[in-house]
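Topology and contacts: notes
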Amino acid sequence: MTAAATTAAPVPFDYACTVCGQPFPAGEFAAPGAICGCGAGRRTMELAAAVLHTHAHGIHATLLELAEDSAIPPPRVLDLTLDPALAATVPDHLVRGDQFGAGKAGEGSAGTVAGAIPVDLAALPAANASLDLVLLRDVLFWVPDVAALLAEVARVLADGGHAVFQESFVWQFPETTVEADPAVEPKRRPAGATRKPERRVVGADILDLMAAAGLSGFGYRPGLAVDPHYRDLLLVARRRPRLS
């Protein structure tokens with residue numbers, strides 16, 4: 001990617017959008033909402049970077065490049081982010097789901113997300129081993145049963161497929177997940193265009209739950225290479241081969 005500007009404070013992606021490749025104003029990277037003409041915001045670009053790194057092995061600089069590469073079969077995607085800027089992940093191979101119950105885009109986006117269907121996280125709308133990518137945002141802290149969600153993700157992913165969990169984690173990432181006291185009214189945090197109860201503070205032991213479900217999980221910071229102060233984290237889970 002070509003840098004659009006040079007400053008003393010580097011930001012991820014060399015100031016080029018990982019969805020469309022267009023430059024974006026470096027000073028607006030931390031701002032909420034869209035910062036690129038394609039509608040992508042910071043979190044969109046981070047999620048796109050994780051997809052490009054995992055599913056496409058870093059060959060492509062943008063989702064548009066991936067979508068236009070005829071040598072690579074289009075990924076079969078279940079997108080549960082309610083992020084309209086992610087349409088570049090090839091719409092004809094993409095199912096959009098709304099697990100928040102609001103039907104609206106989050107992250108400062110306006111209106112509803114076209115074609116989003118209601119989704120039960122304990123029964124994802126896909127056949128066994130039918131997907132290459134599952135994209136989720138702001139679910140681990142509130143979903144009633146994390147293990148059930150991970151089992152569903154493992155069920156619908158084809159062998160070698162990836163799930164990307166984009167969450168706002170506590171820094172530093174704790175070793176152990178702390179469940180909220182059921183006797184205390186939980187605080188509510190943004191999720192999609194709604195606010196959900198914070199049922200837990202997710203810790204590194206989430207990787208053990210992933211392993212138990214047949215997923216190999218790891219943390220991914222897409223901007224760490226260009227900004228040593230970068231603190232955002234995504235969790236990526238790869239579906240391990242099923243035993244015959």
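Here's a quick rundown of the structure. Along each chain, residue indices are assigned from 1 in the same order as the chain's sequence is written. For a predicted model such as this one, the threshold for reporting local features is a pLDDT of at least 70, and the threshold for listing and counting side-chain atom pairs is 80 or more; totals across whole chains, interfaces and linings nevertheless cover every residue. Working from all heavy atoms in the structure, the side-chain values ignore hydrogens and water.

1. Details of unusual backbone geometry
Non-glycine residue Leu82 carries a positive phi angle of around 55°. Secondary structure counts use DSSP, requiring at least four H or I residues in a row for a helix and at least two E residues in a row for a strand, with both numbered from the N terminus. Relative to the elements of secondary structure, Leu82 occurs in the loop between strand 1 (77-80) and strand 2 (94-98). Here's how the labels work: a residue is buried when its accessible area is under 20% of the maximum for its type, exposed when over 50%, partly exposed in between, all with a 1.4 Å probe on protein chains only. For Leu82, a relative accessible area of 2% puts it in the buried group. Although it is not a glycine, Asp138 adopts a positive phi angle of roughly 55°. Inspection of the secondary structure assignment puts Asp138 in the loop between strand 4 (131-137) and helix 3 (146-156).

2. As for the side chain of Glu167
Of note, Glu167 is situated in the loop between strand 5 (157-166) and strand 6 (178-179). At 5.3 Å, Arg189 is the nearest oppositely charged side chain to Glu167, a buried residue that forms no salt bridge. Among the polar contacts listed, one links the side chain of Glu167 to the backbone nitrogen of Asp138, at a separation of 3.5 Å. Whenever two N or O atoms come within 3.5 Å, that pair is a polar contact, provided that in protein one can donate a hydrogen and the other can accept it, and provided that, for residues adjacent in sequence, both atoms are side-chain atoms. Of note is the side chain of Glu167, whose polar atom sits 3.0 Å from the backbone nitrogen of Leu140. Positive: Lys, Arg. Negative: Asp, Glu. His and the chain ends are not part of the count. Here a salt bridge means any side-chain nitrogen of Lys or Arg lying within 4 Å of a carboxyl oxygen belonging to Asp or Glu.

3. Things to note about the nonpolar core
Grouped together as the largest cluster of nonpolar side chains are 34 residues, with contacts concentrated most on Leu121, Leu136, Val139, Leu149 and Phe165. If you list the elements that add at least two residues to this core, you get strand 1, strand 4, helix 3, strand 5, helix 4 (206-212) and strand 11 (234-239). Top element by residues in this core is helix 3. It accounts for six residues. In this structure Val139 touches Gln99, Phe100, Leu121, Leu149, Phe165 and Glu167, once residues within four positions along its chain are discounted. Take the buried Ala, Val, Leu, Ile, Met, Phe, Trp, Tyr and Cys residues and link them wherever side-chain atoms come within 4.5 Å; each set so joined is a nonpolar core. Ranked by size, the runner-up nonpolar core spans 28 residues in total, among them Val19, Val51, Leu63 and Leu133. What makes two residues a contact is simply this: any of their non-hydrogen atoms within 4.5 Å.

4. What about the pairing of strand 11?
With five of six residues buried, strand 11 lies mostly within the body of the structure. When DSSP finds at least two bridges between two strands, those strands are taken to pair. Pairing between strand 5 and strand 11: five bridges, direction antiparallel. Paired with Phe165 across the bridge in strand 11 is Leu235. Sheet topology note: the strand 10 (residues 215-220)/strand 11 ladder contains six bridges and is antiparallel. In the sheet register, Gly219 faces strand 11, and the bridge partner there is Leu235.

5. A look at the packing of aromatic side chains
Two rings from Phe, Tyr or Trp (for Trp, the six-membered ring) form a pair when their centres are within 6.5 Å of each other. A pair whose planes differ by under 30 degrees is stacked, one over 60 is edge-to-face, and the rest are tilted. Tallied over the entire structure, the rule returns zero aromatic pairs. Working rule: Lys NZ or Arg CZ, within 6 Å of ring centre, within 35 degrees of ring normal, means a charge sits over the ring. Here the guanidinium or amino end of Arg189 rests over the ring plane of Phe141, the centre of that ring lying 3.9 Å away. For the cation-ring pair, Lys196 lies above Trp142, with the distance from its terminal atom to the ring centre recorded as 4.6 Å.

6. Thoughts on the sheet that holds strand 3 (residues 117-118)
One open sheet holds the seven strands; their spatial order is 3-2-1-4-5-11-10, and the pairing between them is mixed. Unpaired on one side and paired on the other, strand 3 and strand 10 mark the two borders of the sheet. Helix 3 contacts strand 4, strand 5, strand 10 and strand 11 of the sheet and is inclined by roughly 140° relative to strand 5. A fitted line through C-alpha atoms represents every axis, and for helices the fit uses only the stretch in contact; the resulting angles, taken between N-to-C directions, go from 0 to 180 degrees.

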